[in-house]
Amino acid sequence: MKKQTDRAKLTKWQERLATNEAAYAAQLSKMDEREALYIGTRRLRDIVDGETKTEAVHVRNLCAEIIEAQTDSNIPQPKVTARREKDEGKAKLIEDMLRGELDRMPFEMLNDMMERTVPIQGGAAFLVEWDNTRRTHYTVGELAVSVLHPKQIIPQNGVYTGIEDMDYIILKVPQTKESIGRRYGVSVQDESETEPDIKGSTGEAAAADLVTQYIAYYRNDKGGIGLYSWVGDTQLEDLEDYQARRLRRCKKCGATEPADLTPIETPTELLRAAYGANFAAALPMDMPGALPPFDTGADPFAGMPDGTGGGMQPPTVRRGRGKCCPYCGCDSFEEREEEYEELYVPVRRSDGTEIGGTAESAGAFGTELDGAGLPLTQSTAQPMRIPFYKPDIFPVLLQRNVSVYGKFLGDSDMDKITDQQNTTNRIEAKIIDKLLKSGSYLTLPNDASIRVDAEDCKVIRIENPADKALIGVYDLQGNISQDIAYLAQVYEEARQLIGITDSFQGRTDATATSGKAKEFAAAQSAGRLESKRVMKNAAYAALFEAMFKFKLAYTDEPRPVLCRDLHGNAEYREFNRFDFLEQDAAGEWCWNDQFLFSCDTSAPLASNREAMWQETRMNLQTGAFGDPAQLETLILFWSKMELLHYPGAGETRTYLEEALKKREEEKRQQMQLQQQQMQLRQMQQAQRQAEQQQQMQAAAQAQNEQAAQRYAQSEIIRRAREDAARDAASGGMPQGQAPAMPGAADTAGTIAF
């Protein structure tokens, strides 16, 4: 397969590459020298005139020692701040998503490469891409991050403030010929590797199966990012807006290219059901049953979704070996940029709400009129249209060592200590010469002979005894004390230029008289290197923002994200790009990417597990978590230790939680027993109170009855007395009473009171 090459555009970019590469040649020439210094070059530069030694036999590699002393294996962790209060939950979700991406991708190796390349060369770059070929059963595409060596970057000449301020930037990437063919569908078997040096140091041999691919990212007229790529004189890709979504559409009617290939020989009932009375006009002209195109100026399929027929997917028509459009019969398709996404089916967001779907819309159908003389109307289903999100940033993110005005890269540590490394190599060579040329020398008479062998006793034969006085041994030693002293001075110069101390390297420091003093000395050295850490954090902050924007732009499916709740337990959520879709005051749909990205400054301490374990134990002992004797405090402690990946912390926490549950269950049962006992006592007390009340009521009733009886008796006595008093007053006989019968008193008896 061979793509057509735009010669004018190819020539323009080749000229831009040559012009900017020539302007950048001075910096490119230093890069191999810096790498050689780090590896340990033996080449010696002249210090004084007349130097004959050009190569060292022994190298003390100061450059490698100082670079390795600064290496930091800690990967900065993301910190996302929401600009609006309602977006706090989304900011936390973005943080967890980015942490998951750091774990998924080989950032340990990427960080290790950057930790050495950046101080050696003064800077390096990350390349952020969306790899659509990485697919699973549930997802399409993944984020990809790689490292670019400065030799692979050709910046726009004269722009030093940053990559985002450039109009374009060009990359050099070594690729295999087969990978180029698979990715771009272009054969580059006739091309060769034009710049093998970008794979390593100068002198790297060209490989037969490799080529040098040039990728130019540029800012287009609309503010987006374009891409132009080529190998040699072969164009690979030309995208005016490479971050835009694309679909293959019919060149004639704009319908999307069908995915399946279902050969059709004659019109079918499915086509008839899809297109109704106009199905024959939609068929390709060379198919049986096809009709000439409409001459009414109206589209018979107006209002139907692209690639569908009234909500039905028509079968794909195939001519020979190629596809043809099922609507107009055209067999030519092309990629087109898509500004809007059409949602025919509602999409559910994380909060349970749904967006998208179709809405009925009435419109004119053709040019026919009804009985009233009005155009005929047809109701069609219109999908919801939302804009596609685009990052609109350069995918190349620069990390500087130390910022320097007027330079694209930062300041290189190798450039600062190059002279010290050369001087050290020279002095080392001089010391070795002195030591090798020193030794014992023997003087003998001219006519004397000596046996030279491995025997201990040597025989010296002389002509006469007087010659014995001429035999002597002289020990000659070179004085290297000054060389050693100056060598130490040069070593200190190199370390002081960078800001490295003995305490920072973990070596014995005579100036630190205590542990606190040693810690303070290390902190001072770390303070001098703080600028490099700040630049690293700034680069990673920009990287985190780019990763989020690429995920927001191209992640169509919800992706699982592992989070942690307040108790440290795993919680699984989803990163759904539609959660960031919202409407403005005018009702227009827009994407919410208003978040601030930075690095968590506590991450280096958090990554030092031994120090964090010790700190957590100290917090437990000092009562920061609560009473150490309480199970709740111990559970909190072991939860923290589990988060710090302490061995066996999870099992210990589970055991304590089970013990706490058991104790709470026992306490609950005891409380229930106490409540039952209390209820029983209350019932018994109520029963006793009821009995006492009954007894009191019975006693009161008896007292009332006795009082009633006494009252009745008193009334009888009173009345009897009143009657007696009246009888006495009336002469001894009660009024109205007949005289008593004889013997009545005897029979009545006497009433005694």
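Parameters at a glance
Residues numbered from 1 in each chain as written. Predicted model: local features only at pLDDT ≥ 70, side-chain atom pairs only at ≥ 80, totals over all residues. Heavy atoms only, no water. Pairing = 2+ DSSP bridges. Helix = DSSP H or I, 4+ residues; strand = E, 2+ residues; numbered from the N terminus. Axes fitted to C-alpha atoms, helices over the stretch in contact; angles between N-to-C directions. Parallel < 35°, antiparallel > 145°, perpendicular 65-115°, else oblique. Left-handed = near helix turned anticlockwise from the far one by under 90°. Contact = heavy atoms within 4.5 Å. Nonpolar A, V, L, I, M, F, W, Y, C, P; charged D, E, K, R; others polar. Phe/Tyr/Trp six-rings, centres within 6.5 Å; stacked < 30°, edge-to-face > 60°. Buried < 20%, exposed > 50% of the residue type's maximum accessible area, 1.4 Å probe, protein only. Patch = residues over 30% accessible without salt bridge, like charges linked within 9 Å, V, L, I, M, F, W, Y side chains within 5 Å. Areas by Shrake-Rupley, 256 points an atom, 1.4 Å probe, with all protein chains shown as cover. Salt bridge = Lys/Arg side-chain N within 4 Å of Asp/Glu carboxyl O. Expected span 1.5 Å × (residues − 1).

Strand order across the open sheet formed by 5 strands is 4-5-6-7-8, with antiparallel pairing between neighbours. At either margin of the open sheet sits one strand with a lone partner, and together these are strand 4 (153-155) and strand 8 (234-239). Within this sheet the neighbouring strands show an average axis-to-axis angle of 15°, counted without direction. Note that strand 5 (residues 168-176) and strand 6 (residues 210-219) share 9 bridges and pair antiparallel.

Moving on: the packing of helix 3 (residues 62-70) against helix 5 (residues 107-121). Contact geometry of helix 3 with helix 5 gives a least axis separation of 10 Å together with a crossing angle of 125°. Classified by the angle their axes make, helix 3 and helix 5 are oblique. Where helix 3 crosses over helix 5, the handedness of that crossing is right-handed. Residues Ile 67, Glu 68 and Gln 70 of helix 3 touch helix 5, and the partners they reach there are Glu 115, Arg 116, Pro 119 and Ile 120. A per-class count over the contact of helix 3 with helix 5 returns 3 nonpolar, 1 polar and 3 charged.

On to the sheet that holds strand 3 (residues 140-148), then. Strand order in this open sheet of 3 strands is 3-2-18, and the pairing throughout is antiparallel. Edge positions in the open sheet fall to strand 3 and strand 18 (396-400), since each of these has one partner strand only. Within this sheet the neighbouring strands show an average axis-to-axis angle of 25°, counted without direction. One ladder, built from 5 bridges, connects strand 2 (residues 123-135) with strand 18; its direction is antiparallel.

Scanning the model with the defined rule gives 23 aromatic pairs in all. Where Trp 13 meets Tyr 228, the ring centres are 6.4 Å apart and the plane angle is 15°; that geometry is what we call stacked. Residue Trp 13 is found in helix 1 (residues 7-23), and its partner Tyr 228 is found in strand 7 (residues 225-231); the two are separated by 215 residues along the sequence. On the accessibility criterion, Trp 13 (2% relative accessible area) is buried. Judged by its relative accessible area of 0%, Tyr 228 falls in the buried class. Ring centres of Trp 613 and Tyr 646 lie 4.9 Å apart, and the angle between their planes is 85°; on these two criteria the pair is classed as edge-to-face. With a gap of 33 residues between them, Trp 613 in helix 16 (residues 609-621) and Tyr 646 in the loop between helix 17 (631-643) and helix 18 (649-729) connect regions that are remote in the sequence.

On the surface, Leu 442, Ile 450, Val 452, Ile 460, Ile 462 and Val 473 cluster together into a nonpolar patch covering about 510 Å² of accessible area. Looking at the element boundaries, Ile 460 is found in strand 21 (residues 460-461).

Here we take up the pairing of strand 23 (residues 559-564). Covered by surrounding structure in strand 23 are Arg 559, Val 561 and Cys 563 only, the residues Pro 560, Leu 562 and Arg 564 on the alternate face being uncovered. Pairing geometry for strand 23 and strand 24 (residues 570-575), over 6 bridges, is antiparallel. Within strand 24, the residue paired with Pro 560 across the bridge is Glu 574. Where strand 23 folds back onto strand 24 in an antiparallel hairpin, the turn is made up of 5 residues, including Gly 568, whose phi is positive at roughly 80°.

Given 3.6 residues to a turn, an α-helix orients residues that are three or four positions apart in the same direction. With 13 residues, helix 17 extends 18 Å from end C-alpha to end C-alpha; this agrees with the ideal 18 Å at 1.5 Å per step. Within the sequence span of helix 17, burial applies to Leu 631, Thr 633, Ile 635, Phe 637, Trp 638, Ser 639 and Met 641. Along its buried surface, helix 17 packs onto helix 16 and helix 18. Directly after helix 17, the chain includes His 645, whose backbone phi takes a positive value near 60°.

At a minimum axis separation of 13 Å, helix 5 and helix 14 (residues 530-554) run at an interaxial angle of 140°. Put simply, helix 5 runs oblique to helix 14. Crossing of helix 5 against helix 14: the hand is right-handed. Between helix 5 and helix 14, the residues in contact are Phe 107, Asn 111 and Glu 115 and Lys 536, Tyr 540 and Leu 543, respectively.

What follows concerns the environment of Leu 10. Within the element layout of this structure, Leu 10 appears in helix 1. As for Leu 10 and Val 231, which are separated by 221 residues in sequence, their C-alpha atoms are 10.0 Å apart. When near neighbours in sequence (up to four residues on either side) are disregarded, Leu 10 contacts Thr 5, Tyr 228, Trp 230, Gly 232, Asp 233 and Thr 234.

Let us look at the pattern of salt bridges. Think of it this way: side chains of opposite charge can pair up when their charged atoms draw near. All chains considered together, the criterion is met by 48 salt bridges. Of the charged contacts in the structure, one is a salt bridge between Glu 101 and Lys 551, with a shortest N-O distance of 3.3 Å. Of this pair, Glu 101 sits in helix 4 (residues 88-104) while Lys 551 sits in helix 14, and the two are 450 residues apart along the sequence. By the burial criterion, Glu 101 is buried, and Lys 551 matches it. Between Arg 653 and Glu 642 there is a salt bridge; the shortest N-O distance is 3.4 Å.

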